[in-house]
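# Understanding the architecture of this molecule
Residues per chain, in single letters:
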Amino acid sequence: MPQALLGLQDVGLGYDDQAVVKHISFTVERGEFLALLGPNGAGKTTLLRGILGLIPVLAGRIEYGFDRSTSPPGYVPQRETLDPIFPLTVREVVLMGTYARLAPLRSVGRRQRQLAADCLAQVGLADLANRPFWALSGGQKQRVLIARALAVEPNILLLDEPTAGVDPGAAAAIMDLIAQLNRDQGLTVVLVSHHLRLVRSLVRSVLWVEDGCANKGATEAMLTPERIMESFESRRGTE
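Residues numbered from 1 in each chain as written. Predicted model: local features only at pLDDT ≥ 70, side-chain atom pairs only at ≥ 80, totals over all residues. Heavy atoms only, no water.

## Re the nonpolar core
Ranked by internal contacts, the top residues of the largest apolar core, which has 48 residues, are Ile-146, Ile-178 and Leu-191. At 8 residues, helix 5 (residues 168-185) tops the list of elements feeding residues into this core. In this view, Ile-146 contacts Val-76, Val-123, Leu-159, Ile-174, Leu-177, Ile-178 and Leu-181; residues no more than four positions away in its chain are not counted. Ile-62, Ile-156, Leu-158 and Val-192 belong to the second largest nonpolar core, which has 26 residues in total. (Core = buried A, V, L, I, M, F, W, Y, C linked by side-chain atoms within 4.5 Å. Buried < 20%, exposed > 50% of the residue type's maximum accessible area, 1.4 Å probe, protein only. Helix = DSSP H or I, 4+ residues; strand = E, 2+ residues; numbered from the N terminus. Contact = heavy atoms within 4.5 Å.)

Shown next as structure tokens:
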């Protein structure tokens, strides 16, 4: 896999030795923008968590075109909440992302602070650096969490439902931001989403996850109106 940043070969993933997805094989090329789509409960988040190494691989193998110990992925989890009891500022939340590359016992220095400031500027929130994180809107919080993931200086950005729980305007702005990072910086992006209309115009490839299986193809081929309607109607028919 000379150009592949990520490759799954006949992978099975799940919990308590029970597979949720099976026989998954696909690659992610450098600079690709891939969406993991499919019905609710199909295993999209399980697949993303497996790629991150948060759950064990039950079968097959996952190969990485980078050293995860020195260059970890950037990760934006689903609806993360930081307890308002801890009065973290926006800057402090983003600085957390720099910890991944710090040597043991090293403290945050000038480079890390500048990196955090740059990442906040990238997501358009430089003027909110001193604002309490808990006081932000849902869309602003998601932008801060994207900035935190960028502060890892990742080869690949993984996002789990980054537009969940925000209003349509904020959702469109967040998706445009992610697409811009991919387009302008060549950052490889893999995201889970249920906003098919938003995703369809932005991503280049789709991994459709359903019934424990996954198929990858170009966005135009994978997101035809007929395919989407057929998949969700068959899903409702089994519930």
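On we go.
## Brief notes about the side chain of Ser-193
With respect to the secondary-structure elements, Ser-193 resides in the loop between strand 7 (188-192) and helix 6 (196-200). The buried category is assigned to Ser-193, whose relative accessible area is 1%. One polar contact links the side chain of Ser-193 to the main-chain amide nitrogen of His-195, over a distance of 3.0 Å. Discounting residues that sit within four places of it in the chain, Ser-193 has contacts with Leu-36, Leu-37, Lys-44, Glu-161 and Val-199. (Polar contact = N/O pair within 3.5 Å; in protein donor to acceptor, adjacent residues only side chain to side chain.)

## Things to note about helix 4 (residues 138-150)
Residues lying three or four places apart along an α-helix face the same way, a consequence of the helix completing one turn every 3.6 residues. In this model helix 4 runs 19 Å from its N-terminal to its C-terminal C-alpha over 13 residues, within 8% of the 18 Å that 1.5 Å per residue would give. Here the buried face of helix 4 lies against strand 5 (74-76), helix 2 (90-95), helix 3 (110-122), strand 6 (156-160) and helix 5. (Expected span 1.5 Å × (residues − 1).)

## Topic: the pattern of salt bridges
When the charged atoms of two side chains with opposite charge come close together, those side chains can pair. In total, this model carries 4 salt bridges according to the counting rule given. Arg-61 is the partner of Glu-63 in a salt bridge, and the nearest nitrogen-oxygen pair spans 2.7 Å. Residue Arg-61 is classed as partly exposed on the basis of its relative accessible area of 46%. Of the charged contacts, one joins Arg-183 and Asp-184 as a salt bridge, the two residues approaching to 3.5 Å between their closest N and O atoms. (Salt bridge = Lys/Arg side-chain N within 4 Å of Asp/Glu carboxyl O.)

## A look at the pairing of strand 8 (residues 205-210)
Counting buried positions over the 6 residues of strand 8 gives 6, a clear majority of the element. Side chains of strand 8 alternate between two faces, with Ser-205, Leu-207 and Val-209 and Val-206, Trp-208 and Glu-210 buried alike. Inspection of the sheet shows strand 3 (residues 33-37) paired to strand 8 by 4 bridges, in the parallel sense. Following the sheet pairing, Leu-36 is matched in strand 8 by Leu-207. (Pairing = 2+ DSSP bridges.)

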